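Each chain is listed here by its residues.
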Amino acid sequence: MLRFGDYTPRDSLLHGLDARVKIAASAILSVVALTGGWSGLAALTIAGALSLRGAGLSFKEVLGAMKPLLFFAFLLFTMHAFFHEGRPLIDVTGAGVLAGLYTAWQYLALVAVGIFLTATTPPSELVAGLGRLLRPLERWGVPVGDISFMVAVSLRFIPLLLGEYERLRAARAARGADWEGGVAKRLGLAVGLVIPLLLGAFRRADDLAVAVEARGYGHRAPSSLRGGEMGSPDRRFLAAVASLALVVIVLHHALPLP
Amino acid sequence: MIVLEGVTFSYDGGPPVLKDVDLSVGEGEYLGLAGPNGCGKTTLAMHLNGLLRPRAGTVTVDGLSVADPSSLRKIRALVGMVFQDPDSQIVGMTVEEDVAFGPLNLGLPPREVRRRLEESLEQVGIAHLRRRSPHTLSGGEKRLVAVAGVLAMRPRYIVFDEPAAFLDQAGRALVLGVMNRLHREGITIVHITHDLADLVAADRLVVMEAGTVTLQGPPPEVFGALMEGEGPLAPPPLARLLWGLKRDGFPVRTDVLTVDGARLTIGALLGGR
């Protein structure tokens, strides 16, 4: 089962593309979703459905990944349906329903873009790609390399910290801490775990700093295993996405399309 | 050759953790460094590649001084470190990425990094784990990932800090086996542990207590000296048995440290067949 934000290793066109291209394409498509109007959303949805195979994903998987987020779409819909233009409560208007549908669709389109991106790009490449896209900021003294390394290490440490949290929790439970009961009580117990958890994390961070120093980090800009140049599939994909965006947005603004 | 001369060290304002330590690690040697918890073993280890620098005394690696900042990068590549907790050492999201971390920091071109990656994975026998995420591995496997990550730097020396801690028997055998193989392939090994039984095959044994080197020599001699002394460190059971028999007047050999060796010398004593 694919969850929102999960990477799934497959052999597909999208999997093979440079992470930078996919990040840029996601940004472009998000702009389309937000500014392209009904026709833009329709075009985006059709394009998404057509490129499922190119991403090595099935319709069912994408829908499954969206499922936990459908609630928010519904929430957005009802808010707009009921409170469109500040009219009084329980006064559903046609315009309200339309606005609700539109917002919910926009939201789901953004979610779908996110699913396509994360499902086809390993987190490490995502981080590295983002780092390389932001590299120009180094000119203004932003330590982009260090920041992307920090993000990558944080991702790596999430399962470790979760494991530590479980151990601490079990140790408390073994000594009689009762995890049943009201929200306030459980919250109190969880807060009690934060401090040992943080202490553990700091100690680990210290060890890690020594370990990466021992492995030569920080003496010079590291090289990268991800080939520097984008290939022609990368360029073609980006060109396709950009022209789709251009056509949709120009049509939306130049013609009286909805 | 790593040479420590008169090394004294204390953490900020604290009492000295190392006191006037002289020690050398010869090329191709398998050096065992043992001592009770808190005797300064790990602190000493961190001097071997300049992670810590002595307050007094000198440390040189193949003639390069750790006090010289310009040679530190070279020293880090010469002396690899495998720390006690692999989870604090592994930074990659996948095994492959982690092993490539060091060579990438050396600024090597991608092709060379890939070659070293393949070789290191093969050398410790974890090529099949390459795409796995570190948190899904067993303790022994994680330790091997840490070793592969160090090997990819092509070190001449590798320092192992408690490499067998928290491992089950299979994990221990796996890790110690890889260490022996690396030694046979010509890498100098410094093996730090509180458990002398892991060091019976070492070329030389160094015992530390309270920040100083108290004994050194071939393992059988050191075990013998430990039998005489009253220190906190006891020789492994087999050595205690043989030295005990000898003390009781039986003419057993005390320079054998394996179960088979002990069986032979005791068997001979019993007038074996």
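Quantities reported herein were computed from a predicted structural model and do not represent experimental measurements.

Draft legend 1. Layout of the overall build of chain A. In terms of regular secondary structure, chain A is built from eight helices and zero strands. Starting at the N terminus and walking to the C terminus, you meet the elements of chain A as α-α-α-α-α-α-α-α. For chain A, whose C-alpha radius of gyration is 23 Å, the value lies well above the compact-globule estimate of 18 Å for 258 residues. Principal-axis analysis of the C-alpha atoms gives chain A an extent of 65 × 55 × 40 Å.

Draft legend 2. Representation of the sheet that holds strand 4 (residues 56-61) of chain B in the model. Residue and element names in this part refer to chain B. The strand order 2-1-4-5 describes an open sheet built from four strands, whose pairing is antiparallel. A strand with exactly one partner marks an edge of an open sheet, and here the two such strands are strand 2 (16-25) and strand 5 (64-65). Where strand 1 (residues 2-10) and strand 2 come together, six bridges link them in antiparallel fashion. The partner of I2 across the bridge, within strand 2, is V25.

Draft legend 3. Structural context of the pairing of strand 10 (residues 212-217) of chain B. Residue and element names in this part refer to chain B. For strand 9 (residues 204-209) and strand 10, the ladder comprises five bridges, and the chain directions are antiparallel. Looking at strand 10, one finds that V206 is bridged to Q216. Linkage of strand 9 to strand 10, two consecutive antiparallel strands, is achieved through a turn of two residues, within which A210 is found at a positive phi near 45°.

Draft legend 4. Layout of the sheet that holds strand 6 (residues 79-82) of chain B. Residue and element names in this part refer to chain B. One open sheet accounts for six strands, arranged 6-7-8-3-9-10; its pairing is mixed. Of all strands in the sheet, those with a lone pairing partner are strand 6 and strand 10, marking the two edges. For this sheet, the mean angle separating the axes of adjacent strands, direction not counted, is 20°. Two elements, strand 3 (residues 30-34) and strand 9, share four bridges in a ladder whose sense is parallel. By the bridge assignment for strand 9, L33 is matched with V206. Lying over the sheet, helix 6 (residues 169-184) contacts strand 3, strand 7 (157-161) and strand 8 (188-193), oriented at roughly 150° with respect to strand 8. Its contacts with the sheet place helix 7 (residues 219-228) against strand 9 and strand 10, and it is angled at close to 125° to strand 10.

Calculation criteria
Residues numbered from 1 in each chain as written. Chains lettered and ligands numbered in written order. Predicted model: local features only at pLDDT ≥ 70, side-chain atom pairs only at ≥ 80, totals over all residues. Helix = DSSP H or I, 4+ residues; strand = E, 2+ residues; numbered from the N terminus. Rg over C-alpha atoms; globule rule 2.2 N^0.38 Å. Pairing = 2+ DSSP bridges. Axes fitted to C-alpha atoms, helices over the stretch in contact; angles between N-to-C directions. Contact = placed C-beta atoms within 7 Å.

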